[in-house]
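# Secondary and tertiary structure notes
The primary structure of each chain is shown beneath.
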Amino acid sequence: MRLQRTAVLVSVVMGVLIWGADALVGSLFFSDRSFLELVMTDVPPHRLAMRAVGIAVVIAYGLLLAHILGTYERSHRRVTFLNDLLDTVRDVNQLIVSADEKTQLLSEACRILSRSELSTAAWIIELDRRGRPRRLYQEGLSAESAAELRRLVDARKLPPCAA
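Reading guide: rules and limits
- Going along each chain's sequence as written, the residues are numbered from 1 onward.
- Only residues with pLDDT of at least 70 get local features here, since the model is predicted, and only at 80 or more are side-chain atom pairs given and counted; chain-wide, interface and lining totals rely on the full set of residues.
- Hydrogens and waters are ignored; side-chain quantities use all the structure's heavy atoms.
- Should DSSP find at least two bridges between two strands, the strands are regarded as paired.
- Numbered from the N terminus, helices here are DSSP runs of H or I no shorter than four residues, and strands are runs of E no shorter than two.
- Buried means the residue's accessible area, taken with a 1.4 Å probe over protein chains only, is under 20% of the maximum for its type, while exposed means over 50%, and partly exposed covers the values in between.
- The charge count includes Lys and Arg as positive and Asp and Glu as negative, but it does not include His or the ends of the chains.
- By definition, a salt bridge exists where a carboxyl oxygen of Asp or Glu is found within 4 Å of a side-chain nitrogen of Lys or Arg.
- Pairs of residues are marked as contacts when any of their non-hydrogen atoms sit within 4.5 Å.

Every other side chain in a regular strand lies on the same face of the sheet, so the side chains alternate between the two faces. By the bridge criterion, six bridges tie strand β1 (residues 122–127) to strand β2 (residues 133–139) in an arrangement that is antiparallel. Counted as the bridge partner of Leu127 is Pro133 from β2. Between β1 and β2, which pair antiparallel and follow one another directly, the connecting turn spans five residues, one of which, Gly131, has a positive phi of 85°.

Structure (structure tokens):
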């Protein structure tokens, strides 16, 4: 967002500089009027129109550039998110291939997920054959949240978000 504002601001400043440069060139080479007259007080109508068009073009370019920069920033954030997701999936996949036992697999998966850029906590509830909670694996949960999940699992109930 900061780059977008900067692009628009620079285009407005460039428009003002174009106005001044046109007045300077006009006073030096094409007119007997002073620079200040050509900048503010005695601007010929045709010069006024050309300066307005020049400023409009520069500002339109600045707005277009701001839009392009915004699209780039959103795309960059999306690519960063997808790369983080791919890294996490790769790490869990390597764990699945190398883990020797289920307990190690599930607790380590929670650790990987909670340490990723995508999440600060993760939990997995192991179910019995009837679909009732049997064991909780978690990493990164607050003590209060972990205790609440543990109470639900001990009561053989799933939390509302998983039911």
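This brings us to the side chain of Glu73. Its place among the elements puts Glu73 in helix α3 (residues 45–98). Put simply, Glu73 is tucked away with no salt bridge, and the nearest opposite charge, on Arg77, sits 4.7 Å away. In this view, Glu73 contacts Met1, Leu3 and Gln4; residues no more than four positions away in its chain are not counted.

Summarising the element assignment, Asp128 is placed in the loop between β1 and β2. When its relative accessible area of 17% is taken as the criterion, Asp128 is described as buried. Among residues more than four places away in sequence, those in contact with Asp128 are Arg134 and Arg156.

Quick look at the pattern of salt bridges now. Counted according to the given criterion, the structure contains 12 salt bridges. Between Arg51 and Asp22 there is a salt bridge; the shortest N-O distance is 2.6 Å. Here Arg51, found in helix α3, pairs with Asp22, found in helix α1 (residues 2–30); they are 29 residues apart in sequence, far enough to count as distant. Take Arg51 and Asp22: they sit in the same class, and that class is buried. With a closest N to O distance of 2.5 Å, Lys102 and Glu126 form a salt bridge. Here the residue Lys102 occupies a position in helix α4 (residues 102–115), and Glu126 occupies one in strand β1, the gap between them amounting to 24 residues.

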